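Chain by chain, the residues:
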Amino acid sequence: MPREQGRKFIAQNKKARHDYSILDTYEVGLVLTGTEVKSLRMGRASLVDGFATVDQGEVWLQHVHIPEYTEGTWTNHTPRRKRKVLMHRYEIEKLIGKTKEGGFTLVPLDLYFKDGKVKATLALAKGKKSYDKRQDLAERDSRREMERAFGRYVKGRR
């Protein structure tokens, strides 16, 4: 059987892009058990409540829900366990400094297969206030309205 090539998305955290302003992103690996990978191959995961913490020089992904594998036996995993994140040491040290500053958090943006391995995108993010969210929505609506008006103008229907 040939090896997998390219990317296959499993789950995305769209709410994180709405609730946080993203400053930096990292592509990371995850330490998973066999039943977790099989469950992910079925396309089942939820990143909604997920976040990452830095404990004693290691990064841990918490509250990410990977449901139990339906064909699994007593060796099945627990759905919301802590999962170790694989990153370079210099990236972890940079994150330790940033998260200690306060106001910054690590949020998973998506889970995907890359060349047969499970990867995640972690974002260093700062929480938005409600007025920031409203401002972003207003900007998006005005941009969309301008694009529509430009499209009508180009087509000749003013």
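Please read all numbers here as calculations on a predicted model, not as lab measurements.

(A) Just the side chain of T121, in detail. Tracing the chain through its elements places T121 in strand β7 (residues 117-127). Accessibility expressed as a relative area gives 14% for T121, which makes it buried. Discounting chain neighbours no more than four positions away, the residues touching T121 are T25, Y26, V107, P108, L109, D110 and Y112.

(B) Structural detail: the pairing of strand β4 (residues 58-62). Here strand β3 (residues 51-55) pairs with β4 via five bridges, running antiparallel. Its bridge partner lying in β4, A52 is registered against L61. Linkage of β3 to β4, two consecutive antiparallel strands, is achieved through a turn of two residues, within which Q56 is found at a positive phi near 50°.

(C) The domain arrangement of the protein chain, seen in detail. When its domains are assigned, the protein chain resolves into domain 1 (7-127) and domain 2 (129-157). Between the C-alpha centres of domain 1 and domain 2 the distance comes to 33 Å.

(D) Molecular detail of the nonpolar core. In this structure, L30, L40, V59, V85, M87 and L111 are the most contacted members of the largest nonpolar core, which totals 25 residues. Looking at this core, the elements with two or more residues in it are β1 (7-12), β2 (20-30), β4, α3 (89-101), β6 (104-114) and β7. Excluding anything up to four places from it in sequence, M87 contacts Y26, V28, V59, I92 and L95. A16, V107, A123 and A125 belong to the second largest nonpolar core, which has five residues in total.

About the thresholds
- Residues numbered from 1 in each chain as written.
- Predicted model: local features only at pLDDT ≥ 70, side-chain atom pairs only at ≥ 80, totals over all residues.
- Heavy atoms only, no water.
- Helix = DSSP H or I, 4+ residues; strand = E, 2+ residues; numbered from the N terminus.
- Buried < 20%, exposed > 50% of the residue type's maximum accessible area, 1.4 Å probe, protein only.
- Contact = heavy atoms within 4.5 Å.
- Pairing = 2+ DSSP bridges.
- Domains from an automatic or database assignment.
- Core = buried A, V, L, I, M, F, W, Y, C linked by side-chain atoms within 4.5 Å.

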